[in-house]
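# Fold and geometry: a report
Here is what each chain is made of, one letter per residue.
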Amino acid sequence: GEYDLITMADDSRFLLVPENVPVPEHVPEDVVVLKQPLDHTYLVSSSVMDMIREIGALSDIRLTGVKESDWYIGEAAAAMEDGRMLYAGKYNEPDYELILKEGCNFALEHNPEVKEKLESLGIPVMVERSSYEEHPLGRLEWIRLYGLLYGKEQEADAFYEEQLKKIEPIMEKEDTGRTVAFFYITANGAVNVRKPNDYIAQMIGLAGGTYVLNDRLSAEENALSTMNMQMEDFYAAAKDADILIYNSTIEGELYSVDELLAKSTLFSDFKAVKEGNVYCTGSNFFQESTGTCDFIEDLHKVLVDETDDNYRFLKHVR
């Protein structure tokens, strides 16, 4: 009754032991024991940090894999500025010496080799897999796991249920029949797009739209949710899309349609450009993972022409 057993998709198992409660005898060898409080965590994922912030457990994160200058989450940047949180190296190049010195008692990691090294140092490691979820609400629901780990179950469950209620009215409406392209232009001129099974494509569907590449790309199974296309192929697929959304996270935000045309003059032929339906995401979009339902709301406003520019993550590019 006092313990929680966590089972992950890869069959790894964790026994969560509350503070001041003894570890039970005869724990199976394949079960990793996590003793609360997990108050010296090394966390490499910026999107998970936003969930930790939302449930009020930021003080449990002592070490991070993101530099202070790279944060769009204000509370995380502030914690680093005043020394409550320290930079301990990237997810694939951690500062093991600092991690040991700071008494790290839990790590949320991506990299298998780093996981093995941390475990050899006696640090329990959980592989963060929310990014493997194809459904956006599946990603968001991971906040409940973090609520369990950090003793914030009520806060996590309340937030998740509140978010579901927020978008229920949108999900109950009929499809708008409008198509959306989500992309950015790489440094070498290719067009980076999301695959049809990606969670961004799913969010477009939940908002009442259709991702323009749904019928043009295969949704093959691999870890990457994006792929590059030649501009000519993207032109053929997205020329008649009702709405263009430029992903600003990698190459920076667009401030005018002229900046988009400078990347390729072919954009002048696009329906969305001619009709003034070009948008871009803010640079904060991917780090602020708790805003999943806000982004679906933004998308829905765009799809039904609620052009009040009162968006959390989108900006109308003119």
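Please refer to the structure higher up on the page.
Residues numbered from 1 in each chain as written. Predicted model: local features only at pLDDT ≥ 70, side-chain atom pairs only at ≥ 80, totals over all residues. Heavy atoms only, no water.

When its secondary structure is counted, the protein shows 13 helices and 17 strands. Computed over the C-alpha atoms, the radius of gyration of the protein is 21 Å, within 12% of the 20 Å expected from 2.2 N^0.38 for a compact globule of 318 residues. For the protein, the spread of C-alpha atoms along the principal axes amounts to about 70 × 40 × 40 Å. Here the protein has roughly 15100 Å² of accessible surface; of this, 45% comes from carbon and sulfur atoms. Computed over 29 positive and 60 negative side-chain charges, the inter-centroid distance for the protein is 3 Å. (Helix = DSSP H or I, 4+ residues; strand = E, 2+ residues; numbered from the N terminus. Rg over C-alpha atoms; globule rule 2.2 N^0.38 Å. Areas by Shrake-Rupley, 256 points an atom, 1.4 Å probe, with all protein chains shown as cover. Lys, Arg positive; Asp, Glu negative; His and termini not counted. Charge placed at Lys NZ, Arg CZ, Asp CG, Glu CD.)

Attention now moves to the pattern of salt bridges. Counted by the stated rule, this structure contains 18 salt bridges. Here Lys 166 makes a salt bridge to Asp 294, at a shortest N to O gap of 2.7 Å. Taken together, the residues Lys 166 in helix α7 (residues 153-171) and Asp 294 in helix α13 (residues 292-303) connect sequence positions 128 residues apart. Take Lys 166: its relative accessible area is 27%, and that puts it in the partly exposed class. Several salt bridges converge on common partners, so that one network encompasses Glu 141, Arg 144, Asp 157 and Glu 161. (Salt bridge = Lys/Arg side-chain N within 4 Å of Asp/Glu carboxyl O. Buried < 20%, exposed > 50% of the residue type's maximum accessible area, 1.4 Å probe, protein only.)

Further remarks concern the packing of aromatic side chains. For the structure shown, the criterion picks out 14 aromatic pairs. Taking 6.1 Å as the distance between ring centres and 85° as the angle between the ring planes, the aromatic pair formed by Tyr 279 and Tyr 311 counts as edge-to-face. Here the residue Tyr 279 occupies a position in strand β16 (residues 278-281), and Tyr 311 occupies one in the loop between α13 and β17 (314-317), the gap between them amounting to 32 residues. Per residue, the accessibility class of Tyr 279 equals that of Tyr 311, and both read buried. Grouping aromatic residues by their ring pairs yields a cluster made of Phe 183, Phe 234, Tyr 235, Tyr 246, Phe 267 and Phe 270. (Phe/Tyr/Trp six-rings, centres within 6.5 Å; stacked < 30°, edge-to-face > 60°.)

With that settled, the discussion passes to the sheet that holds strand β1 (residues 4-7). Read from one edge of the open sheet, 3 strands run β1-β2-β3, paired in mixed fashion. The open sheet has two free edges, formed respectively by β1 and β3 (31-35), since each of these has just one partner strand. Sheet twist, expressed as the mean angle between neighbouring strand axes with direction ignored, is 25°. One ladder, built from 4 bridges, connects β1 with strand β2 (residues 13-17); its direction is antiparallel. Note that in β2 the partner of Thr 7 across the bridge is Arg 13. (Pairing = 2+ DSSP bridges. Axes fitted to C-alpha atoms, helices over the stretch in contact; angles between N-to-C directions.)

Summarising the sheet, strand β4 (residues 41-43) and strand β5 (residues 61-64) pair through 3 bridges and their orientation is parallel. Counted as the bridge partner of Leu 43 is Thr 64 from β5. Remark: the β4/helix α1 (residues 46-55)/β5 crossover connection has right-handed handedness. The pairing of β5 with strand β6 (residues 86-87) spans 2 bridges and is parallel. Note that in β6 the partner of Leu 63 across the bridge is Leu 86. In this fold, β5 hands off to helix α2 (residues 74-81), which returns the chain to β6; that crossover is right-handed. (Right-handed = clockwise from strand over helix to strand, strands pointing away.)

Let us now look at the sheet that holds strand β9 (residues 106-109). The strand order across the open sheet built from 5 strands is β6-β5-β4-β9-β10, with neighbouring strands paired in parallel fashion. With partners counted over all chains shown, the strands left at the sheet margins are β6 and β10 (125-127), one partner each.

Packed helices, taken two at a time, are described by the angle their axes make and the gap between the axes. Closest axis-to-axis distance for the helix α8 (residues 199-206)/α13 pair is 8 Å, and the angle between their directions is 55°. It follows that α8 is oblique to α13 by the angle criterion. Between α8 and α13 the crossing geometry is right-handed. For the pair formed by α8 and α13, the contact residues are Met 203, Ile 204 and Leu 206 on the first element and Thr 292, Phe 295, Ile 296, Leu 299 and Leu 303 on the second. In the contact of α8 with α13, the residues fall into 7 nonpolar, 1 polar and no charged. (Parallel < 35°, antiparallel > 145°, perpendicular 65-115°, else oblique. Left-handed = near helix turned anticlockwise from the far one by under 90°. Contact = heavy atoms within 4.5 Å. Nonpolar A, V, L, I, M, F, W, Y, C, P; charged D, E, K, R; others polar.)

It is worth spelling out the nonpolar core at this point. The biggest cluster of nonpolar side chains holds 90 residues, and the ones touching the most others in it are Met 126, Leu 149, Phe 183, Phe 234, Leu 244 and Phe 267. Dropping the residues within four chain positions of it, Leu 244 is found in contact with Ala 181, Phe 183, Ala 238, Leu 260, Phe 267, Phe 270, Ala 272, Val 273, Asn 277, Val 278 and Tyr 279. Among the nonpolar cores identified, the runner-up in size contains 12 residues, and Ala 88, Ile 99, Leu 118 and Ile 123 belong to it. (Core = buried A, V, L, I, M, F, W, Y, C linked by side-chain atoms within 4.5 Å.)

Attention now moves to the side chain of Asp 294. Residue class for Asp 294 comes out buried when judged on its relative accessible area of 14%. Those residues in contact with Asp 294, other than ones at most four positions away along the chain, are Lys 166, Arg 312 and Phe 313.

Glancing now at unusual backbone geometry. The step from Gln 36 to Pro 37 runs through a cis peptide bond, and the omega angle for that step is 0°. In this fold, Pro 37 is placed in the loop between β3 and β4. Even without being a glycine, Asn 20 presents a positive backbone phi close to 65°. Summarising the element assignment, Asn 20 is placed in the loop between β2 and β3. The exposure class of Asn 20 is exposed, given its relative accessible area of 74%. One non-glycine residue, His 26, adopts positive backbone phi at about 60°. In this structure, His 26 sits in the loop between β2 and β3. Residue His 26 is classed as exposed on the basis of its relative accessible area, which comes to 76%.

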